[in-house]
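# Coordinate inspection notes
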Amino acid sequence: MESIFHEKQEGSLCAQHCLNNLLQGEYFSPVELSSIAHQLDEEERMRMAEGGVTSEDYRTFLQQPSGNMDDSGFFSIQVISNALKVWGLELILFNSPEYQRLRIDPINERSFICNYKEHWFTVRKLGKQWFNLNSLLTGPELISDTYLALFLAQLQQEGYSIFVVKGDLPDCEADQLLQMIRVQQMHRPKLIGEELAQLKEQRVQKTDLERVLEVNDGTGMLDEDEEDLQRALALSRQEIDMEDEEADLRRAIQLSMQGTSRNRCQDIPQTSGSHPTSEELRKRREAYFENHNSEVYEGKF
């Protein structure tokens, strides 16, 4: 949807944004719309003067501010209507009895201008699809054909005045491109205020995080890393100690087995055909256990 021209809200220039979004280009500026407003004011003044420049109504009219514009950038429906006449376009009130009797399906129109209090925005068909070109949105909003009538009805319930734009709109790139392709919109655009609020919240969260990191100077995260490292080293030392104990135990068993073999060779007399007495067997057992315990003790430490 990059080809769609969409002016975003600046100040109270919604009438300018509405016209330019309708015509799909920078056709009108505040200066040009102000010139149209001054021209309308002068025409109204001349009509009031016809009743006499000394009349009370005329003096009251002169003291009142312009009804076609103000310092904020607001422009009246008369200004918008006169601006569109330059392009041969006409505005018809959508919910007027005259238009409703025509029973025209909204999807068969080309564009609408919507107004509530002092805000104006355009709903226009580009190619074969409808778009809400409200300047308060972050971008164009796709409106399906089935939703268009419901969307307009909802605006009317909210108090909007809706005008049908009659006439041939100027050619634009978006209309030509969207005649050939259809677009899909995965995420609807947000209101500019919502986006700004979200960005502000993100900045606040980022600032808070930076402040915390600055205060801690990263020590909080380092402390956690150091604790993990200390626990890992302690577990490693325990494993090493267990491995050392197992190795010592294996060496002690080996030494004891070697000692037993030597003792057997040394203690058993090399006599043939003779059998040891019970007393000799008892002494041999005592000697074996004494040597065994002594060698295990020395191998351990």
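Residues numbered from 1 in each chain as written. Predicted model: local features only at pLDDT ≥ 70, side-chain atom pairs only at ≥ 80, totals over all residues. Heavy atoms only, no water.

Going by what an unreviewed UniProt entry lists, the protein is known as ubiquitinyl hydrolase 1 and is assigned to Odocoileus virginianus. The annotation that UniProt attaches to the protein under Catalytic activity (unreviewed entry) is "Thiol-dependent hydrolysis of ester, thioester, amide, peptide and isopeptide bonds formed by the C-terminal Gly of ubiquitin (a 76-residue protein attached to proteins as an intracellular targeting signal)." Under the UniProt heading Subcellular location (unreviewed entry), the note attached to the protein is "Nucleus". (UniProt positions renumbered as here; feature names shortened; annotations may be inferred.)

A tally of helices and strands in the protein yields ten helices and six strands. The buried share among the 301 residues of the protein stands at 32%. Counting contacts in the protein only where the partners sit at least 6 residues apart, residues at least 24 apart contribute 65% of the total. As presented, the protein carries roughly 20,200 Å² of accessible surface, and 52% of it is formed by carbon and sulfur atoms. (Helix = DSSP H or I, 4+ residues; strand = E, 2+ residues; numbered from the N terminus. Buried < 20%, exposed > 50% of the residue type's maximum accessible area, 1.4 Å probe, protein only. Contact = heavy atoms within 4.5 Å. Areas by Shrake-Rupley, 256 points an atom, 1.4 Å probe, with all protein chains shown as cover.)

Turning our attention to a nonpolar patch on the surface. Taken together, the side chains of Leu177, Met180 and Ile181 make up a nonpolar region of the molecular surface, amounting to roughly 300 Å² of accessible area. Looking at the element boundaries, Ile181 is found in the loop between helix H7 (173-178) and helix H8 (192-216). Here Ile181 falls in the partly exposed class, since its relative accessible area comes to 41%. (Patch = residues over 30% accessible without salt bridge, like charges linked within 9 Å, V, L, I, M, F, W, Y side chains within 5 Å. Salt bridge = Lys/Arg side-chain N within 4 Å of Asp/Glu carboxyl O.)

A separate point is the sheet that holds strand E5 (residues 141-143). Ordered by their spatial adjacency, six strands build an open sheet running E1-E6-E2-E3-E4-E5, and the pairing between neighbours is antiparallel. Each having just a single partner strand, strand E1 (90-93) and E5 make up the two edges of the open sheet. Neighbour-to-neighbour, the strand axes of the sheet open up by a mean angle of 30°, direction not taken into account. As paired strands, strand E4 (residues 129-132) and E5 are joined by three bridges and run antiparallel to one another. Residue pairing across strands places Phe131 opposite Leu142, the latter belonging to E5. Of the strands in this sheet, strand E2 (111-116), strand E3 (119-126) and strand E6 (161-166) are in contact with helix H1 (residues 14-23), which crosses E3 at around 5°. Contacting E1, E2, E3 and E6, helix H4 (residues 77-85) crosses the sheet at an angle of about 135° to E1. (Pairing = 2+ DSSP bridges. Axes fitted to C-alpha atoms, helices over the stretch in contact; angles between N-to-C directions.)

Here we take up the confidence of the model for the protein. Per-residue confidence for the protein gives a mean pLDDT of 80; residues scoring 70 or more make up 66%. Here helix H9 (residues 219-267) is the element of the protein with the lowest mean pLDDT, 56, and E4 is the one with the highest, 98. This model gives residues 259-273 a pLDDT under 50, and the stretch forms ten contacts once residues within four places in sequence are excluded. Per-residue pLDDT stays below 50 along residues 296-301; that stretch engages in five contacts with residues further than four places along the chain or on separate chains. (pLDDT = per-residue confidence, 0-100.)

Right, let's talk about the packing of helix H2 (residues 30-49) against H4 for a bit. The N-to-C vectors of H2 and H4 enclose an angle of 110°; their axes lie 9 Å apart at closest approach. In terms of their interaxial angle, H2 and H4 are classed as roughly perpendicular. As H2 packs across H4, the resulting crossing turns out to be right-handed. Of the residues in H4, those in contact with Leu33, Ile36, Ala37 and Leu40 of H2 are Gln78, Val79, Asn82 and Ala83. (Parallel < 35°, antiparallel > 145°, perpendicular 65-115°, else oblique. Left-handed = near helix turned anticlockwise from the far one by under 90°.)

Moving on, we get to the UniProt feature "active site" (unreviewed entry) in the protein. The sites that carry the UniProt feature "active site" (unreviewed entry) are, in the present numbering, Cys14, His119 and Asn134. Over a stretch of 121 residues, the named residues converge on one spot in the fold, their C-alpha atoms separated by at most 9.5 Å. Tracing the sequence through the fold places His119 in strand E3. Within the element layout of this structure, Asn134 appears in the loop between E4 and E5. Aside from chain neighbours lying at most four places away, what touches Asn134 is His6, His119, Phe121 and Thr122. Within the structure, the side chain of Asn134 is placed 2.9 Å from the side chain of His119, a separation counted as a polar contact. (Polar contact = N/O pair within 3.5 Å; in protein donor to acceptor, adjacent residues only side chain to side chain.)

Moving on, we come to the pattern of salt bridges. Pairing between side chains becomes possible if they bear opposite charge and their charged atoms approach one another. Throughout the structure, instances matching the rule amount to five salt bridges. As a salt-bridge pair, Glu56 and Arg59 come within 2.8 Å of each other at their nearest N and O atoms. Note that Glu56 and Arg59 are positioned in helix H3 (residues 56-63) at a spacing of three residues, about one turn of the helix. The exposed category is assigned to Glu56, whose relative accessible area is 52%. We classify Arg59 as partly exposed; its relative accessible area is 39%. Two residues, Arg110 and Asp175, come together in a salt bridge whose shortest N-O distance is 3.3 Å. Note that Arg110 is positioned in the loop between helix H5 (97-100) and E2 and Asp175 in helix H7, a separation of 65 residues in sequence.

Counted according to the given criterion, the structure contains eight aromatic pairs. Centroid distance Phe94 to Phe112: 5.7 Å. Interplanar angle 85°. Geometry classified as edge-to-face. With a gap of 18 residues between them, Phe94 in the loop between E1 and H5 and Phe112 in strand E2 connect regions that are remote in the sequence. Here Tyr116 and Tyr160 contribute two aromatic rings whose centre-to-centre distance is 5.2 Å and whose plane-to-plane angle is 35°, an arrangement assigned as tilted. On the criterion of sequence distance, the pair formed by Tyr116 in strand E2 and Tyr160 in the loop between helix H6 (145-157) and E6 is long-range, its members being 44 residues apart. Exposure remark for Tyr116: the relative accessible area of 32% places this residue in the partly exposed category. (Phe/Tyr/Trp six-rings, centres within 6.5 Å; stacked < 30°, edge-to-face > 60°.)

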